[in-house]
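# Reading the structure
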Amino acid sequence: MSALLKSQTEQALHYWMLWIAPNALQTQQIKKLPASDRQRVLMLHPKNLEQLTGAIEVAIMSDLYQMITLPRALLPANQQQKLELLAIRHHTVLTWLGGNKRLNSASQLTLI
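Residues numbered from 1 in each chain as written. Predicted model: local features only at pLDDT ≥ 70, side-chain atom pairs only at ≥ 80, totals over all residues. Heavy atoms only, no water.

## Re the side chain of Thr27
Relative to the helices and strands, Thr27 is located in helix α2 (residues 24-31). The residues touching Thr27, leaving out its near neighbours within four places in the chain, are Pro22 and Met43. (Helix = DSSP H or I, 4+ residues; strand = E, 2+ residues; numbered from the N terminus. Contact = heavy atoms within 4.5 Å.)

Structure, rendered in structure tokens:
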């Protein structure tokens, strides 16, 4: 019983979905979500990109966000990897939009 209660508590902690810099098409997708999901969406339109990584890190570490969606072009590859690792540790899904993931040397060797 305590395991079930613990899993329900963990799900309740990851409540919000954060969309960073959504374009018009993505905003329309958000508006088409069911009302229960739409009420859990927060949109962030960053004005200072230097502070964006720090803001995303705080959001991930707060354990309040189930999913964070953002354009891949906003952040350099090293910051993307850092955020992905942090998201895994805090059970938050990071969804990258636009552009293919850059291949590191290990990925390139796998393709050869």
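## So, the side chain of Arg72
Structurally, the position occupied by Arg72 is in the loop between β3 (65-71) and α5 (77-89). For Arg72, which is buried and forms no salt bridge, the nearest opposite charge comes from Glu84, at a distance of 4.4 Å. A polar atom in the side chain of Arg72 sits 2.7 Å from the side chain of Gln80. (Buried < 20%, exposed > 50% of the residue type's maximum accessible area, 1.4 Å probe, protein only. Lys, Arg positive; Asp, Glu negative; His and termini not counted. Salt bridge = Lys/Arg side-chain N within 4 Å of Asp/Glu carboxyl O. Polar contact = N/O pair within 3.5 Å; in protein donor to acceptor, adjacent residues only side chain to side chain.)

## Quick notes on the sheet that holds β3
Strand order in the open sheet formed by four strands is β2-β1-β3-β4, and the pairing between neighbours is parallel. Strands with a single pairing partner mark the edges of an open sheet, and in this sheet they are β2 (41-44) and β4 (93-97). Looking at each pair of strands side by side, their axes are set apart by 15° on average, direction ignored. Judged from the five bridges that link them, β3 and β4 form a sheet pairing that is parallel. Across the sheet, Met67 pairs through a bridge with Val93, a residue of β4. Contacts from helix α4 (residues 52-61) reach β1 (16-20), β2 and β3 within the one sheet, and its direction differs from that of β3 by about 160°. (Pairing = 2+ DSSP bridges. Axes fitted to C-alpha atoms, helices over the stretch in contact; angles between N-to-C directions.)

## Let's talk about the packing of α4 against α5
Running from amino to carboxyl end, α4 crosses α5 at an angle of 10°, the nearest separation of the two axes being 10 Å. The pairing of α4 with α5 is recorded here as roughly parallel in orientation. Where α4 approaches α5, its residues Thr53, Ile56, Glu57, Ile60 and Met61 are matched on the opposing element by Gln79, Lys82, Leu83, Leu86 and Ala87. (Parallel < 35°, antiparallel > 145°, perpendicular 65-115°, else oblique.)

## Some details on the nonpolar core
Counting 15 residues, the largest nonpolar core has Ile56, Ile68 and Leu70 as the members making the most contacts within it. Every element with two or more residues in this core is listed here: β1, α4, β3, α5 and β4. At four residues, the largest contribution of residues to this core is made by α4. Among all residues touching Ile68, those that are not within four sequence positions of it are Leu18, Ile20, Ile56, Ala59, Ile60, Thr92, Val93, Leu94 and Thr95. Formed by five residues, the second largest nonpolar core is a distinct cluster that contains Met17, Trp19, Val41 and Met67. (Core = buried A, V, L, I, M, F, W, Y, C linked by side-chain atoms within 4.5 Å.)

## Let's talk about the pairing of β3
Counting buried residues along β3, six of its seven residues qualify, which places the element largely inside the surrounding structure. Examined bridge by bridge, β1 and β3 share four bridges and lie parallel to one another. By the bridge assignment, Trp19 is partnered in β3 with Thr69. Since β3 and β4 lie parallel, the crossover through α5 that links them has a hand, and here it is right-handed. (Right-handed = clockwise from strand over helix to strand, strands pointing away.)

## With respect to α4
Every buried residue of α4 is accounted for by Leu52, Thr53, Ile56, Glu57, Ala59 and Ile60. Down the axis, α4 shows its buried residues gathered within 160° of arc, on one side only. Structurally, α4 contributes buried residues whose contacts are with β1, β2, β3 and α5. Of the residues flanking the end of α4, it is Asp63, one or two places downstream, whose phi is positive at about 60°. (Arc of directions from axis to C-beta.)

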